[in-house]
Structure formats: C-alpha cells, structure tokens
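The primary structure of each chain is shown beneath.
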Amino acid sequence: MHPSEVLFQGQRQPLLLPACDHYAGSEKLMRKSMALQQELGPVFDITFDCEDGASAGNEREHAQLVASLLNDEGNRFGRIGARLHDVGSAHFAHDVGIIVGNAASKLAYVVLPKPNGVADVLRAQQLVNAIAEKAGRPADKPIPLHVLIETHGALHDAYAIAALPQVECLSFGIMDFVSSHYGAIPGAAMRTPGQFTHPLVVRAKLEMVAACHAHDKVPSHNVTTDIKDSAVVANDATRAAGEFGFTRMWSIHPDQIKPIVKAFTPRVSEVNEATNILLEAMAADWGPIAQHGRLHDRASYRYYWTVLQRAKLAGLALPDAAAALVNQPESI
C-alpha cells in the first residue's frame, strides 16, 4: 500500500500549496514574475492583483490583461491565480466575467478580499462557479478559492469559511485588519515585532490558523512591507512558520521569494530523519518502532510523511530513498 493510504486510511490528507504566494499588480511585474517562475520552477505561486496592488481607473483593461497573461504560454505550470475586487465592489462582477470567463481553465485559484463573513464568500463562489461552468470548466473541478481574513466578520466566521470545500487557503490581511480598529491597535502592529506580540493581532492570526488546520486548509501569512532587507522577510517567515503554524506567506517583491521559500522548506537534517524513520516503519509494516531511543508510530509517521511532501513541493533534492517513497504511485 502507498504510505498515504496506510497513514490516513481514507481520511482527507492536509492540503499542501507552494510556500510562497507572490503578488504582482502591473504588467511589468506580472511578466517579470512569470519569467522568474519559469526559471525557478513552481516552487512559488503568482497572484495577479486586481485590487489594492493594482492602479485605479483602468479596471476593465487590467482584468483583460490578467486574462491574457493567464492564457499566455508563459503560464507553464498552471500555478497562477488572481485577486479579484471584493464582492461588494461594482468591479467584482466585471472581474469574474472577464478573468474567469476567459481563463477558467488556466486559473490556479481566485483570491476573495475583504469578505465580511461566510455569506459574502458564498455569494462570490456562486458567481465564480456559474461563469466558470459557462466557460467550460467542469462542475466537479471548481476553481479553488483563497479568502482574505481582514475584517471582524471574516475573523468571526473563519471556521465556517475554512469548512467550505471549495476554499483551500485563508490569508491574513494585517494592514486592513489593523486599520479596521481605527487606532485601537497601533500602526507598529503591522510589522515586526508588533505583529507577533500585540494581543489582538496574535489572537486573530492564531484563530485563523487554527481554523485552517481544523479543516486541512492552508494558512497564509501576511506581507512583510520592508522590501529592501531580505533578513527581515526571512525572520518574519521563520516566526510565522515556527511560532504560529503558517505554511505559506505572501511576497510583494521578487527579492522576498527565495527567503520565504527557504524559511518554509524543511531542513536537510529533517528530511534525512524523516526518510530513515519512514523506511524503518515500512520494514515494520507500519507498526511502532524505536529509533535513537524514541518511540514512533503512525501518529508521528504522518508528521514525517508531510515533511517529505513539503520538501518535494519546495523543489528540494531528496535522497534517493525518499524520492522513491514520495514518487511511487498510489493504488488504483
């Protein structure tokens, strides 16, 4: 049996996405991002931005540009999504009609900003699905939804939003969230160290992350606004992963991509440890083992299996034994 069949036994496996979600809102930056993705491989996603990261006043033309780039041969890996306007905006329906209507088969996901709760997500989902099906996307393979948690209502409904089958990722929007408190949270909480210490921000992040993990979805950390110092984004990514349980993070500058991917990628020592434990577990027919004086069973095997999956997704060169393990086909 395939390791995933043994370890999860029919249960839904945790969803894994590339650790970095890179946002680009102008044609120059979109094309630059696509070229970088072709160079590095699908170790990061690209989100074409129609909302806050795009200029105002040319919304229709911008949506048409996004659709054309999604259909471009440069979208080689199928790992490009689009952030639409919020469902309450007059531009939302136009975004869906133009982008989903013309590139439904090419979209990796759509990002829904500023919902006030699960009802807004469902409204957006309904229109996205109707246009996608009209454009020829199979109804049983709907476009995945990524939802921004940046309002009081969305945070309140985070568990309900994460439970929606079509939702695969929740992203924390720190600047809108802090701003929505109208000065009750200081501006310093939008960046480190305040973003990791202010009680209201910490509570919001932890509740969103807990909602994601409860439903096997991906929690994505907010941006680092310092685009000149790669050490800052590396520190933020390391803390987001190690202290808060995020498995993905936004990038807003090409120089942020590699530090984010590195921070979320398992270390070689972790990969080697996972490989040794899983190989010994297989030899024991997945029963309990003792290695270096520590007991392991299927509970810990699931963790180490995920380590190998994350390493593969990040493009890490795996030991031959590990590569054979993760690349073997599942039973039909």
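The sections below set out a description of the structure shown in this document. (Residues numbered from 1 in each chain as written. Predicted model: local features only at pLDDT ≥ 70, side-chain atom pairs only at ≥ 80, totals over all residues. Heavy atoms only, no water.)

What about the environment of Ile-161?
If you trace the backbone, Ile-161 turns up in helix H7 (residues 158–163). Since its relative accessible area comes to 0%, Ile-161 is described here as buried. In sequence terms Ile-161 and Ala-290 are 129 residues apart; their C-alpha atoms lie 40 Å from each other. Not counting chain neighbours up to four residues away, the residues in contact with Ile-161 comprise Gly-117, Val-118, Val-121, Val-147, Ile-149, Ala-154, Val-167 and Leu-170. (Helix = DSSP H or I, 4+ residues; strand = E, 2+ residues; numbered from the N terminus. Buried < 20%, exposed > 50% of the residue type's maximum accessible area, 1.4 Å probe, protein only. Contact = heavy atoms within 4.5 Å.)

Thoughts on the pairing of strand S1 (residues 20–24)
The buried fraction of S1 is high, at five of five residues. Relative to strand S2 (residues 44–49), S1 runs parallel, the two sharing five bridges. Its bridge partner being in S2, Asp-21 is matched across the sheet by Asp-45. Of the pairings in the sheet, the one linking S1 to strand S8 (residues 248–251) comprises three bridges and is parallel in character. Paired with His-22 across the bridge in S8 is Ser-251. (Pairing = 2+ DSSP bridges.)

Description of the nonpolar core
Counting 71 residues, the largest nonpolar core has Phe-48, Ile-99, Val-100, Val-110, Leu-112, Leu-170 and Phe-264 as the members making the most contacts within it. Looking at which element gives the most residues to this core, the answer is helix H9 (residues 199–214), with seven residues. Counting 20 residues, the second-largest nonpolar core is a separate cluster that includes Leu-7, Leu-278, Trp-286 and Leu-325. (Core = buried A, V, L, I, M, F, W, Y, C linked by side-chain atoms within 4.5 Å.)

Regarding the packing of helix H4 (residues 92–103) against helix H5 (residues 118–134)
Remark: H4 packs on H5, axes separated minimally by 9 Å, with the N-to-C direction vectors making an angle of 35°. Every pair of crossing elements has a handedness; the one defined by H4 and H5 is right-handed. Residues Phe-92, Ala-93, Val-96, Gly-97, Val-100 and Gly-101 of H4 form the contact with H5, whose own contacting residues are Ala-124, Leu-127, Val-128, Ile-131 and Ala-132. The residue makeup of the contact of H4 with H5, split by class, is nine nonpolar, two polar and no charged. (Axes fitted to C-alpha atoms, helices over the stretch in contact; angles between N-to-C directions. Left-handed = near helix turned anticlockwise from the far one by under 90°. Nonpolar A, V, L, I, M, F, W, Y, C, P; charged D, E, K, R; others polar.)

Let's talk about the pattern of salt bridges
Enumeration over the complete set of coordinates arrives at 11 salt bridges. Close ionic contact of Asp-120 with Arg-123 constitutes a salt bridge, the shortest N to O distance being 3.3 Å. Within this pair, Asp-120 and its partner Arg-123 are both found in helix H5, separated by three residues, close to a single helical turn. Among the ionic contacts, a cluster of salt bridges with common partners joins Asp-49, Glu-51, Arg-83, Lys-114 and Asp-176. (Salt bridge = Lys/Arg side-chain N within 4 Å of Asp/Glu carboxyl O.)

A few points about the sheet that holds S8
Here we have eight strands rolled up into a closed barrel, ordered S1-S2-S3-S4-S5-S6-S7-S8, and parallel in their pairing. For this sheet, the mean angle separating the axes of adjacent strands, direction not counted, is 30°. Where strand S5 (residues 145–149) and strand S6 (residues 167–172) come together, five bridges link them in parallel fashion. Counterpart to Leu-145 in the pairing with S6 is Val-167. Across the face of the sheet, helix H3 (residues 59–70) comes into contact with S2 and strand S3 (80–83) while running at roughly 150° to S2.

Description of helix H14 (residues 320–327)
For H14, the set of buried residues is Ala-322, Leu-325 and Val-326. For H14, the angular spread of the buried residues around the axis is 85°, confining them to a single face. The outward face of H14, more than 90 degrees from its buried face, is lined by the exposed residues Asp-320 and Asn-327. Structurally, H14 contributes buried residues whose contacts are with helix H1 (3–8), helix H12 (268–283) and helix H13 (298–313). (Arc of directions from axis to C-beta.)

So, the side chain of Asn-222
Considering the arrangement of structural elements, one finds Asn-222 in the loop between strand S7 (218–221) and helix H10 (230–244). By relative accessible area, which is 1% here, Asn-222 ends up buried. A distance of 3.0 Å separates a polar atom in the side chain of Asn-222 from a polar atom in the side chain of Gln-195. Reaching out from Asn-222, the side chain makes a polar contact with the side chain of Lys-205 at a distance of 3.5 Å. Contacts of Asn-222, omitting those with residues within four sequence positions, involve Phe-172, Ile-174, Gln-195, Lys-205, Met-249 and Trp-250. (Polar contact = N/O pair within 3.5 Å; in protein donor to acceptor, adjacent residues only side chain to side chain.)

Here we look at the packing of aromatic side chains
Scanning all chains against the criterion turns up five aromatic pairs. Between the aromatic rings of Phe-196 and Phe-244, the centroid separation amounts to 5.4 Å while the plane-to-plane angle is 50°, which identifies the pairing as tilted. Of this pair, Phe-196 sits in the loop between helix H8 (174–179) and H9 while Phe-244 sits in helix H10, placing them 48 residues apart in sequence. Residue Phe-196 is classed as buried on the basis of its relative accessible area of 6%. An angle of 65° between the planes, with centres 5.9 Å apart, marks the rings of Trp-286 and Tyr-301 as edge-to-face. (Phe/Tyr/Trp six-rings, centres within 6.5 Å; stacked < 30°, edge-to-face > 60°.)

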